[in-house]
Amino acid sequence: MGLIEHLFSLVFGSGRNVVRDTVEVFRPNAEAQAQRDQDRHAAALRQFAAEFYAPKRSLFDRIMDALNRVPRPAMALGTLGLFIAAMIDPVWFSARMAGIALVPEPLWWLLGAIVSFYFGARHQAKGQEFQRDIAAHVTRHVPREASSPETQGPAEMPQVDGNAALEDWLQQRR
């Protein structure tokens, strides 16, 4: 009995499982591997959720965005419709184009300015909104230790070569 007990304590003794520890050198523990996979999967989902987070917009904002998406497709489809109308009924089409030819030139300039400003302002507003979203995402997800002043060391002042006005300005800031 003492020999078997001594043999078991040698293999499984001191609270460790030598067989399990030896096998885990060659093959990972399935339960621990499943937990690591689950943690990695959850971290990826958290990252995706943070990247693709869209704040809740009001009904008015959603309606305005929907209306803002109408003019470009309407103009493209309308132009295609004009080509189709010209092929189907050239007489009807030429009567309509004669009416358009009677529109005074300043009215065309006004229409061009309105359409240009409309699309330009929309492009600028959407671009700025995108940049704000990117900046907010970056500031939310930059590690605090990377951005803390303690880890960055002393602040370096930029080197200025031959620009007297910039040198004076930097001196005033110091």
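Refer to the structure above for everything that follows.
Residues numbered from 1 in each chain as written. Predicted model: local features only at pLDDT ≥ 70, side-chain atom pairs only at ≥ 80, totals over all residues. Heavy atoms only, no water.

(A) Quick peek at the overall build of the protein chain. Looking only at helices and strands, one finds 10 helices and zero strands in the protein chain. Starting at the N terminus and ending at the C terminus, the protein chain contains elements arranged as α-α-α-α-α-α-α-α-α-α. Within the protein chain, the proportion of its 174 residues that are buried is 6%. Of the accessible surface of the protein chain, which amounts to about 15,300 Å², a share of 66% is contributed by carbon and sulfur atoms. (Helix = DSSP H or I, 4+ residues; strand = E, 2+ residues; numbered from the N terminus. Buried < 20%, exposed > 50% of the residue type's maximum accessible area, 1.4 Å probe, protein only. Areas by Shrake-Rupley, 256 points an atom, 1.4 Å probe, with all protein chains shown as cover.)

(B) Representation of the environment of F119 in the model. For F119, the position within the fold is in helix α7 (residues 105-141). Between the alpha carbons of F119 and P71 there is a distance of 9.4 Å; along the sequence they are 48 residues apart. Look past the residues within four positions of F119 in its chain and what remains in contact with it is P71, R72 and M75. (Contact = heavy atoms within 4.5 Å.)

(C) Broad picture of the pattern of salt bridges. Considering all chains together, one arrives at five salt bridges under this definition. E129 is the partner of R57 in a salt bridge, and the nearest nitrogen-oxygen pair spans 3.3 Å. Taken together, the positions of R57 in the loop between α3 (30-51) and α4 (59-68) and E129 in helix α7 put the pair 72 residues apart, joining distant regions of the chain. For E129, the salt bridge goes to K126, with nearest N and O atoms at 3.8 Å. (Salt bridge = Lys/Arg side-chain N within 4 Å of Asp/Glu carboxyl O.)

(D) Molecular detail of the side chain of D65. Looking at the secondary structure, you find D65 in helix α4. D65 sits in the buried class, given a relative accessible area of 11%. Within the structure, the side chain of D65 is placed 3.4 Å from the side chain of R57, a separation counted as a polar contact. Ignoring sequence-local partners within four residues, the contact set of D65 consists of R57, R122 and K126. (Polar contact = N/O pair within 3.5 Å; in protein donor to acceptor, adjacent residues only side chain to side chain.)

(E) A look at the packing of helix α5 (residues 71-88) against helix α6 (residues 90-101). In the contact formed by α5 and α6, the axes pass within 5 Å of each other and the chain directions differ by 130°. Put simply, α5 runs oblique to α6. Note on element contacts: α6 touches α5 through P90, W92, F93 and M97, opposite L82, A85, A86, M87 and I88. Tallied by class, residues from the contact of α5 with α6 come to nine nonpolar, no polar and no charged. (Axes fitted to C-alpha atoms, helices over the stretch in contact; angles between N-to-C directions. Parallel < 35°, antiparallel > 145°, perpendicular 65-115°, else oblique. Nonpolar A, V, L, I, M, F, W, Y, C, P; charged D, E, K, R; others polar.)

(F) View of a nonpolar patch on the surface. Together, L59, F60, I63, M64, L67 and V70 line one region of the surface with nonpolar side chains, adding up to about 570 Å² of accessible area. The residue I63 is located in helix α4 in this model. Here I63 falls in the partly exposed class, since its relative accessible area comes to 41%. (Patch = residues over 30% accessible without salt bridge, like charges linked within 9 Å, V, L, I, M, F, W, Y side chains within 5 Å.)

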